[in-house]
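Chain and residue survey
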Amino acid sequence: MAQADIALIGLAVMGQNLVLNMNDHGFVVCAFNRTVSKVDSFLANEAKGTQVVGAHSLQEMVSKLKKPRRVMMLVKAGQAVDDFINQLIPLLEPGDIIIDGGNSEYRDSTRRCKDLKARGILFVGSGVSGGEDGARYGPSLMPGGDPAAWPHIKPIFQSIAAQVEGEPCCDWVGEEGAGHFVKMVHNGIEYGDMQLICEAYHLMKDVLCMEQDEMAKAFEDWNKTELDSFLIEITADILKFRDTDSKHLLPKIRDTAGQKGTGKWTAISALEFGIPVTLIGEAVFARCLSSLKEERIVHPSTNSCHSSRRRTPSELRTH
Ligand code: NBP
């Protein structure tokens, strides 16, 4: 049997879709997961009829790879990444490559890159953007780390990435944690975009008292201007979306937002480097306020435009 071009560890939503994307582009992928039963389930279902092969241990996975071996991880950021690296080190040889495609903190990637370089192993920390659909049909990829790894992963990365006017949305970003730094800022910018959309929605709903379909139309119109973007497009779709009882779904969803950390990391880095990214900082604070709101009691009569009167500015401020 032909040796696999690359291994992928982590068969959750991102990993599964990236494996199938690589397979579509002619690469043979060896799939592995901490909970090994997911390998069999993936091969029997989503990957059925593809060239994807599976492994039931890291040893088996490594034995199925062409040299230099390319091992990509798409697992939960943090300790899981270090645990897999520690298990892989004795199984790999100098010149082999470990790629972390999760949302790792860029300082962790810098540390991992240095530690692995001292052992002759090439480390890449790559931002992967576009969510589930992006992973399946073309993500934006932001690889950085040990530059010696780039020629070995470039053909795979640039063919599976999204293509815009014939150009892949993927190029080498820089050394050590640069890939994850760029991904962090990319996510931070998205925090800012989403906060702007939320504030526009708030003004439309609570100050202009626009109906849901009117707001959807405004976002659709904006999407035909210089604001044309994925987030504006899906905001119109979300506003229009109706539940099974044919009422709009959005007002039924609890009005709070959490956060996973990349926006906060961007704001912390901005403070450290003295770069005034105030929009992103405010967006992160807005998420904190939103979570705190869970604990507050909002008086029902001031919680909607459909109350008998318009609210005063001070009422709006406290909402
Ligand atoms: P998750 O972030 O939910 O991670 C699930 C994977 O991590 C599974 O393979 C799981 O193995 C493994 N894992 C966990 Br959880 N704890 C582990 C541990 N202690 N040791 C070893 N493995 C462990 O998956 P995802 O949503 O597919 O995301 C994968 C990475 O990509 C994450 O870093 C995420 O932040 C990043 N990312 C996600 C998106 C997105 O839209 N979801 C977009 C861009 C980037 P198990 O099956 O044995 O539990």
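Rules and cut-offs
Residues numbered from 1 in each chain as written. Predicted model: local features only at pLDDT ≥ 70, side-chain atom pairs only at ≥ 80, totals over all residues. Heavy atoms only, no water. UniProt positions renumbered as here; feature names shortened; annotations may be inferred. Core = buried A, V, L, I, M, F, W, Y, C linked by side-chain atoms within 4.5 Å. Buried < 20%, exposed > 50% of the residue type's maximum accessible area, 1.4 Å probe, protein only. Helix = DSSP H or I, 4+ residues; strand = E, 2+ residues; numbered from the N terminus. Contact = heavy atoms within 4.5 Å. Near = heavy atom within 4 Å. Polar contact = N/O pair within 3.5 Å; in protein donor to acceptor, adjacent residues only side chain to side chain. Areas by Shrake-Rupley, 256 points an atom, 1.4 Å probe, with all protein chains shown as cover. Nonpolar A, V, L, I, M, F, W, Y, C, P; charged D, E, K, R; others polar. 1 Å grid on protein atoms, 1.4 Å probe; cavity = no way out; pocket = protein on both sides within 12 Å on 5 of 7 lines; lining within 4 Å. Points joined across faces, edges and corners; volume = space filled by probe spheres on them. Axes fitted to C-alpha atoms, helices over the stretch in contact; angles between N-to-C directions. Parallel < 35°, antiparallel > 145°, perpendicular 65-115°, else oblique. Pairing = 2+ DSSP bridges.

As annotated in an unreviewed UniProt entry, the protein chain carries the name 6-phosphogluconate dehydrogenase, decarboxylating and is attributed to Ailuropoda melanoleuca. In the Sequence similarities (unreviewed entry) part of its UniProt record, the protein chain is described as follows: "Belongs to the 6-phosphogluconate dehydrogenase family." Annotation of the protein chain in UniProt includes, under Catalytic activity (unreviewed entry), the sentence "6-phospho-D-gluconate + NADP(+) = D-ribulose 5-phosphate + CO2 + NADPH".

Attention shifts here to the nonpolar core. Counting residues in hydrophobic clusters, the biggest one holds 31 residues, and the most contacted among them are Leu8, Leu18, Met22, Phe42, Met72, Ile99 and Phe157. Counting only elements with at least two residues in this core, the list comes to β1 (6-9), α1 (13-24), β2 (29-32), α2 (37-44), β5 (97-100), β6 (122-129) and α7 (150-160). Apart from the residues within four sequence positions on either side, Met72 is in contact with Ile6, Ala7, Leu8, Ile9, Leu18, Met22, Ile99, Gly101, Val128 and Phe157. Residues Leu65, Phe84, Cys113 and Phe123 belong to the second largest nonpolar core, which totals 26 residues.

A few words now on the site of the ligand. What surrounds the ligand is a group of 19 residues, the closest being Met14, Asn33, Arg34, Thr35 and Lys38. Here an oxygen atom of the ligand and a backbone polar atom of Asn103 are 3.0 Å apart. In isolation the ligand offers 900 Å² of accessible surface; the protein chains occlude 74% of this area. Residue assignment for the shell around the ligand shows that the elements contributing at least two residues are α1 and α4 (79-88). Split by residue class, the shell around the ligand holds 10 nonpolar, 6 polar and 3 charged.

Note that Gln163 resides in strand β8 (residues 163-164). Assessed through its relative accessible area of 43%, Gln163 is described here as partly exposed. Distance in space between the C-alpha atoms of Gln163 and Pro139 is 9.0 Å, their sequence separation being 24 residues. Setting aside anything within four residues of it in sequence, one finds Gln163 in contact with Gln158 and Pro168. Separated by 2.9 Å, the side chain of Gln163 and the backbone oxygen of Gln158 make a polar contact.

What follows is about the layout of surface pockets. Size it by volume and the second largest pocket reaches roughly 330 Å³. Contributing to the lining of the second largest pocket are 16 residues, with Arg34, Val75, Lys76, Ala80 and Phe84 lying nearest its centre. Counting residues per element, the lining of the second largest pocket draws most heavily on α4, at 4 residues. For the lining of the second largest pocket, the per-class residue count stands at 8 nonpolar, 4 polar and 4 charged.

Here the focus is unusual backbone geometry. At the junction of Lys67 and Pro68, the peptide bond is cis and its omega measures out at -10 degrees in the coordinates. If you trace the backbone, Pro68 turns up in the loop between α3 (58-63) and β4 (70-73). With phi around 50 degrees, Glu165 is a residue other than glycine that occupies positive phi space. Summarising the element assignment, Glu165 is placed in the loop between β8 and β9 (167-168). We note that Ser246 has phi near 65 degrees; this positive angle belongs to a residue other than glycine. Looking at where Ser246 falls in the secondary structure, it is placed in the loop between α10 (230-240) and α11 (262-273).

Turning to the packing of helix α8 (residues 178-207) against α11, a few remarks are in order. Orientation of α8 relative to α11, taken along the N-to-C sense of each, is 105 degrees, at an axis distance of 8 Å. Comparing the axis directions of α8 and α11 gives the class roughly perpendicular. Across the interface between the two elements, Phe181, Met184, Val185, Asn187, Gly188 and Tyr191 from α8 touch Thr262, Gly263, Trp265, Thr266, Ser269 and Phe273 from α11. Of the residues that constitute the contact of α8 with α11, the class distribution is 6 nonpolar, 6 polar and no charged.

Across the sheet, which stays open at both edges, the 8 strands sit in the order β3-β2-β1-β4-β5-β6-β7-β10 with mixed pairing between neighbours. The open sheet is flanked by β3 (53-54) and β10 (174-175), the only strands paired with a single partner. Sitting on the sheet, helix α5 (residues 106-117) is in contact with β5, β6 and β7 (140-145), with an inclination near 155 degrees to β6. Packing against the sheet, α8 makes contact with β5, β6, β7 and β10, and its axis sits at approximately 15 degrees to β6.

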